[in-house]
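Residue strings, one per chain:
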Amino acid sequence: MAIFYTLLLFMIIAAIIAVETKNLLSAVICVGAIGFGGSLMFLFLRAPDIAITQIVVEVLGLIILIRATISRDLTFITGDREFFGTVVSVVIIFVIFLAGVKILETKPVEEIQEIRKSQPQFVTLPDFGTAIFDVAPEAASQTYISQGLEKTGAANLVASVILDFRAYDTLGEATVLFTAIIGATVILRRKSRKLLEDAD
Amino acid sequence: MAEKEKNSNGVKGMTVIVKTISSWVKVLIFLFGIYIILFGHLTPGGGFAGGVIVAGSYVLLMLAFGREFVEENLSLPVASRLDCLGAFLFALIAILGLALGGSFFVNFLYQKYLPGEALNLISAGTIPLSNIAIGLKVAASLFLVIFTLSICCKDFKPGTPVNGKE
Amino acid sequence: MLYALCFLLFMIGLYCAVVKKNMVKIVIGIMVMEYAVNLFLIMLGYRAGGEAPIIDKGHLESANEFAKFVSSSVDPLPQALVLTAIVISLGSLALMISICIRTYEKYGTFDITEIRRLKG
């Protein structure tokens, strides 16, 4: 458990540095540090699929971000920030943070099972370390774990979930990725066609 | 990526050490990406992570050798067509499930024709085929977007100071 | 307590996306928010002392081993949802950065208050 706190504190400190620094290159490198800490955290949370995907996506994302910032000669932006808007935003965000901490309180498992006898819906989260389907046995994950191998034949249960039990979500994801890449290519390509016209 | 200093022989790219090492390493990265895609139903990984790794090998080639070198191997229309082919294969597997099985996207190979044993390479029906289609699509898409990012906007004016707010 | 720290990371990203005036900083804020959300989803499915949800030869030897695996593996459903979310975040990052680059080419600045004043 100490490793989780350490990695989360590392990610929070890197996020504060990324937000507050005036040098754009340092901010991009701190975003890389956040992603790397997140990948380590996924590995300790027993999710090796997600750790592999997070670290390679992090590397490509850093390349894209650096392409946008480092070739511009300006990496320092100076100026004053307006005072009133910042203070109001910070106050509102703090209020939302307090409300969120109150909502995300956790209770031990026995109390939640007591509460669920009277009302069947969830009102609080269980403690960190108990999965949701321990408290709610009607959830779908129990079926996926115990019958995943005989119904789909795949040894990797996450692959069987994304490509057999929930293949619609993967179809939607492929569509969203396709559309985003087409959008990025169309926005960027008009300049190079203009370059070709000017060169001719 | 758009500005690389020309070397002493006038060729764009990085130094000799970087070029030599990256020409050896890119094959390993490509092979590793294909392994992660193919064995996605047995070990952690799958189509998405493997596709990003395969795109990463081409990005390494683009960074070390310059953009024109990669354009001879894998130009923009070819990558765009591979992208569409991957998406079309994925939709084809879904529609074949409707035609040969009972409903949309059913795992028709596992339930009717080719069960296979667990923990082998040929098992789990259409899951490896879907992994290959998605890996192809993701790799071609990401290569396309990074290639287009390196073409665009070569003639900006550096050195103009910006005096704005933070 | 861990959930509260994850929510704090999300709030830091939200502050950056709302208050800052540099376009690249706004993009960085959105990325931090996406990392926080993915982390929260996977933390929900963790079981203390659990194993990764991958079956190998040792689990198939006897029914006892398999029952032990079923009672101690972590939840595979949030991992499936987060897997696609991570790749979508890369696609949306590419789209946002392409908009930033085009705006820089047209206006010469990354500052969003300057862009509102200079038209055309």
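Residues numbered from 1 in each chain as written. Chains lettered and ligands numbered in written order. Predicted model: local features only at pLDDT ≥ 70, side-chain atom pairs only at ≥ 80, totals over all residues.

Draft legend 1. Just the overall build of chain B, in detail. The helix and strand tally for chain B stands at 6 helices and 0 strands. Ordered by position in the sequence, the α and β elements of chain B form the string α-α-α-α-α-α. In chain B, which comprises 166 residues, the proportion classed as buried is 41%. Across chain B, every contact between residues at least 6 apart in sequence was considered, and the portion connecting residues at least 24 apart equals 64%. (Helix = DSSP H or I, 4+ residues; strand = E, 2+ residues; numbered from the N terminus. Buried ≥ 20, exposed ≤ 12 C-beta atoms within 10 Å, placed from the backbone. Contact = placed C-beta atoms within 7 Å.)

Draft legend 2. Structural view of the overall build of chain A. For chain A, the helix and strand inventory stands at 9 helices and 2 strands. Traced from its N-terminal end to its C-terminal end, chain A shows the element sequence α-α-α-α-β-α-β-α-α-α-α. Of all 200 residues assigned to chain A, the portion counted as buried reaches 35%.

Draft legend 3. Quick peek at the nonpolar core. With 122 residues, the main nonpolar core has Val52 and Phe143 of chain B together with Val32 of chain C as its most contacted residues. Per element, the largest residue contribution to this core is 15 residues, and it comes from helix H6 (residues 127-151) of chain B. Mapped onto the domain boundaries, this core takes at least three residues apiece from domain 1 (1-79) and domain 3 (140-200) of chain A. If we skip the residues at most four places from it in the chain, Val32 of chain C touches Ala15 and Ile34 of chain A together with Leu9, Ile12, Gly13 and Cys16 of chain C. (Core = buried A, V, L, I, M, F, W, Y, C linked by C-beta atoms within 7 Å. Domains from an automatic or database assignment.)

Draft legend 4. Local environment of helix H1 (residues 2-20) of chain A. Its 19 residues place the ends of H1 of chain A 27 Å apart at the C-alpha level, agreeing with the 27 Å of an ideal helix rising 1.5 Å per residue. Here H1 of chain A has its buried residues at Leu7, Leu8, Met11, Ala14, Ala15, Ala18 and Val19 of chain A. All buried residues of H1 of chain A project into a common sector of 135° when viewed along the axis, lining one side. Across H1 of chain A from its buried face, at more than 90 degrees, point the exposed residues Ala2, Tyr5 and Leu9 of chain A. On its buried face, H1 of chain A sits against helix H2 (24-44) of chain A together with helix H1 (2-19) and helix H2 (23-44) of chain C. (Expected span 1.5 Å × (residues − 1). Arc of directions from axis to C-beta.)

Draft legend 5. Structural detail: the interface of chain A and chain C. Taken together, the 75 residues of chain A in the interface contact 66 residues of chain C. Classifying every residue of the side of chain A that touches chain C by side-chain character gives 51 nonpolar, 17 polar and 7 charged. (Nonpolar A, V, L, I, M, F, W, Y, C, P; charged D, E, K, R; others polar.)

Draft legend 6. Summary view of the packing of helix H4 (residues 76-100) of chain B against H6 of chain B. Residue and element names in this part refer to chain B. Closest axis-to-axis distance for the H4/H6 pair is 8 Å, and the angle between their directions is 150°. Overall, the two elements H4 and H6 adopt an arrangement that is roughly antiparallel. Remark: the crossing between H4 and H6 carries left-handed chirality. In contact with Leu76, Ala79, Ser80, Leu82, Asp83, Leu85, Gly86, Ala87, Leu89, Phe90 and Ile93 of H4, H6 contributes Leu129, Ser130, Ala133, Ile134, Leu136, Lys137, Ala140, Ser141, Phe143, Leu144 and Phe147. Residues belonging to the contact of H4 with H6 are distributed by class as follows: 16 nonpolar, 4 polar and 2 charged. (Axes fitted to C-alpha atoms, helices over the stretch in contact; angles between N-to-C directions. Parallel < 35°, antiparallel > 145°, perpendicular 65-115°, else oblique. Left-handed = near helix turned anticlockwise from the far one by under 90°.)

Draft legend 7. Just the packing of H1 of chain A against H1 of chain C, in detail. In the contact formed by H1 of chain A and H1 of chain C, the axes pass within 10 Å of each other and the chain directions differ by 10°. Considering their axes alone, H1 of chain A and H1 of chain C lie roughly parallel with respect to each other. Side by side, H1 of chain A and H1 of chain C meet where Phe4, Leu8, Met11, Ile12, Ala15, Ile16 and Val19 of chain A of the first sit next to Leu2, Leu5, Cys6, Leu8, Leu9, Ile12, Gly13, Tyr15 and Cys16 of chain C of the second. Here the contact of H1 of chain A with H1 of chain C is built from residues that sort into 15 nonpolar, 1 polar and no charged.

Draft legend 8. Fine view of helix H4 (residues 83-103) of chain A. Taking 1.5 Å of rise per residue, the 21 residues of H4 of chain A would be expected to cover 30 Å, and the 31 Å separating its terminal C-alpha atoms lies within 8% of that figure. Of all the 21 residues making up H4 of chain A, 0 are buried; the element is thus mostly uncovered.

Draft legend 9. Layout of the confidence of the model for chain B. All names here are of chain B. Averaged over all residues, the pLDDT of chain B equals 80, while 84% of them reach at least 70. Here residues 1-11 is modelled with pLDDT under 50, and outside its nearest four sequence neighbours on either side it reaches 12 contacts, counting other chains as well. For the stretch residues 155-166, pLDDT sits under 50, and the model shows 32 contacts to residues farther than four places along the chain or on other chains. Of the two predicted TM-score estimates for the complex, the pTM is 0.87 and the ipTM is 0.90. (pLDDT = per-residue confidence, 0-100.)

Draft legend 10. Just the environment of Ile97 of chain C, in detail. You can see Ile97 of chain C is positioned in helix H4 (residues 76-107). Each C-alpha atom of the pair Ile97 of chain C and Val24 of chain C lies 7.9 Å from the other, and the pair is 73 residues apart in sequence. When neighbours within four sequence positions are excluded, Ile97 of chain C is seen to be in contact with Ile64, Leu65 and Ala68 of chain A together with Val27 of chain C.

Draft legend 11. Just the environment of Leu61 of chain B, in detail. Summarising the element assignment, Leu61 of chain B is placed in helix H2 (residues 47-65). For the pair Leu61 of chain B and Ala49 of chain B, spaced 12 residues apart in the sequence, the C-alpha separation amounts to 19 Å.

Draft legend 12. Spotlight on unusual backbone geometry. With a phi angle near 60°, Arg46 of chain A is a residue other than glycine that sits in the positive phi range. Along the chain, Arg46 of chain A falls in the loop between H2 and helix H3 (48-69).

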